[in-house]
Amino acid sequence: MIVSFDDGWGQIFVANVDGSGLRQITPTVADDMSDGRYGNFAAVSPDGKQLAYTRGGKFIDLVDLESGDVRTVHEGGYQPTFSPDGSSIAFTSGDDISIMNIDGSDVRVIAPEGSGARFSPDGSRIICNVAGYLVETPVAGGESKVVLRDQFWNADPAYSPDGSTLVFSSNRGGNNGSEIYSMPAGGGEITRLTETYAVHPQFTPDGSRILYTRATTQSGELVVDISTSNRAELASMNPDGSDQKRFTPRSITAQYPSVGGGGRVS
């Protein structure tokens, strides 16, 4: 299993699920998004062999993790995510969600608005954030369905591998920031999983853990109010929110986890 993330400064990394094999995938750049090599929003393919990411804020590049070969597959999009079978990539494009084949062909809009799309486990639907609501749309076209709409800002939706659970970030905790929550995919009771600031939840392929971004002070203390944080790190937890622990080393910042391939996070 491979975990990818960006450091918030334009570099993308991957590591094995046990934390070993940490390596930088994209070139080192200045902290300036005007650098055309600036990379973020990394996504690992389901087989763990390829990585898609946003370069320069508008190009979607595809990297072969074994050979290191890189090719640009689309211009004018960001936040790529792979379909469960690895044959296509959904991405945010302007105000809408589009999808394309993995080689960049057959680009089409599947949702007229939204950002941060994730596929359902069977690949038939995507779910995304639309102005703080969580909305699900059939990939083949059809009527969208609002999954969660209330007075709070809800974002970063992701399904469990069996499709039974939806995790997401929300500001419903009453703090100056967001926490991670879960709910049945069909709707129902919302359960709080983190007490401190956390976003970008992502299940491992076997469903055993959730990786996510959390905020800390420079000394490593977890924070509730995002205005007090100095850095981001990846952490993992059980699906019920227990056993929360840091995943990435303290020596680097890390955000936007993506996981691909087999195996378990311990």
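See the structure shown above.
About the cut-offs
Residues numbered from 1 in each chain as written. Predicted model: local features only at pLDDT ≥ 70, side-chain atom pairs only at ≥ 80, totals over all residues. Heavy atoms only, no water. Helix = DSSP H or I, 4+ residues; strand = E, 2+ residues; numbered from the N terminus. Rg over C-alpha atoms; globule rule 2.2 N^0.38 Å. Contact = heavy atoms within 4.5 Å. Areas by Shrake-Rupley, 256 points an atom, 1.4 Å probe, with all protein chains shown as cover. Salt bridge = Lys/Arg side-chain N within 4 Å of Asp/Glu carboxyl O. Buried < 20%, exposed > 50% of the residue type's maximum accessible area, 1.4 Å probe, protein only. Pairing = 2+ DSSP bridges. Axes fitted to C-alpha atoms, helices over the stretch in contact; angles between N-to-C directions. Core = buried A, V, L, I, M, F, W, Y, C linked by side-chain atoms within 4.5 Å. Polar contact = N/O pair within 3.5 Å; in protein donor to acceptor, adjacent residues only side chain to side chain. Phe/Tyr/Trp six-rings, centres within 6.5 Å; stacked < 30°, edge-to-face > 60°. Lys NZ or Arg CZ within 6 Å of the ring centre and 35° of its normal.

**Observations concerning the overall build of the protein chain**
Counting its secondary structure elements, the protein chain contains 0 helices and 24 strands. By the compact-globule yardstick of 18 Å for 266 residues, the protein chain fits well, its C-alpha radius of gyration being 17 Å. Projected onto the principal axes, the alpha-carbon positions of the protein chain cover approximately 45 × 45 × 35 Å. Sequence separation of at least 24 residues holds for 39% of the intrachain contacts in the protein chain that already meet a minimum separation of 6. Carbon and sulfur atoms make up 46% of the accessible area of the protein chain, which totals about 11,200 Å².

**Section: the pattern of salt bridges**
In the structure shown here, the tally under the stated rule is 15 salt bridges. Taking the shortest distance from any N to any O, the salt bridge between D150 and R172 comes out at 2.6 Å. You can see D150 sitting in the loop between β15 (145-148) and β16 (154-159) and its partner R172 sitting in the loop between β17 (165-170) and β18 (179-184), a full 22 residues away along the chain. Overall, the relative accessible area of 18% leaves R172 in the buried class.

**Side note on the sheet that holds β15**
Taken in spatial order, the 4 strands of this open sheet run β12-β13-β14-β15, and their pairing is antiparallel. Edge positions in the sheet fall to β12 (115-119) and β15, since each has one partner strand and no second. Between one strand and the next, the sheet's axes are offset by a mean angle of 30 degrees, whatever the strand orientation. Relative to strand β13 (residues 125-130), β12 is paired through 3 bridges, and the arrangement is antiparallel. Bridge pairing in β13 places S115 opposite N129.

**Here's the deal with the sheet that holds β18**
Judged by pairing direction, the sheet is antiparallel, and its 4 strands sit side by side in the order β16-β17-β18-β19 without closing on themselves. Looking at which strands have only one partner, the edges of the open sheet turn out to be β16 and β19 (191-192). For β17 and β18, the ladder comprises 6 bridges, and the chain directions are antiparallel. Bridging from a neighbouring strand, S170 pairs with E179 of β18.

**So, the pairing of strand β11 (residues 108-111)**
Sheet analysis places strand β10 (residues 96-101) next to β11, joined by 3 bridges and oriented antiparallel. Residue pairing for β11: S98 is matched across the bridge by V109. Between the antiparallel neighbours β10 and β11 lie 6 residues, among them G104 with a positive phi of about 95 degrees.

**A closer look at the nonpolar core**
Residues A90, I97, I99, I110, A111, A117, F119, I126, C128, V130, V135 and V139 constitute the largest nonpolar core, which totals 12 residues. Of all the elements in the fold, those that place two or more residues in this core are β10, β11, β12 and β13. Filtering out sequence-adjacent residues up to four positions away, F119 remains in contact with T81, F82, S83, P84, S88, A90, I99, R125, I126, V139 and Y159. Counting 11 residues, the second-largest nonpolar core is a separate cluster that includes L211, L234, F247 and I252.

**Digging into unusual backbone geometry**
Not every positive phi belongs to a glycine, and D106 is a case in point at roughly 55 degrees. Structurally, the position occupied by D106 is in the loop between β10 and β11. Look at D106 and you get partly exposed, because its relative accessible area is 46%. One non-glycine residue, H200, lies in positive phi territory at about 60 degrees. One can find H200 in strand β20 (residues 198-203).

**Topic: the environment of D103**
With respect to the helices and strands, D103 occurs in the loop between β10 and β11. Judged by its relative accessible area of 46%, D103 falls in the partly exposed class. With 25 residues separating them along the chain, D103 and C128 place their C-alpha atoms 23 Å apart. With sequence-adjacent residues up to four places away left out, D103 is seen in contact with R71 and V73. A polar atom in the side chain of D103 sits 2.6 Å from the side chain of S105.

**Structural notes on the packing of aromatic side chains**
The tally for this structure, following the rule as stated, stands at 4 aromatic pairs. The interplanar angle of 10 degrees and the centroid separation of 5.5 Å between the aromatic rings of F5 and F13 together place this pair among those described as stacked. The pair F5 / F13 is uniform in exposure class, with both members buried. Plain terms: the ring middles of F41 and Y78 are 6.0 Å apart, the flat faces sit at 40 degrees to each other, and that makes the pair tilted. Taken as a pair, F41 in strand β4 (residues 39-44) and Y78 in strand β8 (residues 78-82) lie far apart in primary sequence, 37 residues in all. A connected cluster of aromatic rings, assembled from ring pairs, spans F41, Y78 and Y256. Its guanidinium or amino end placed over the ring of F59, R55 lies 4.5 Å from that ring's centre, counting from NZ or CZ. Lying across the ring of Y159, R125 places its NZ or CZ 5.9 Å from the centre.

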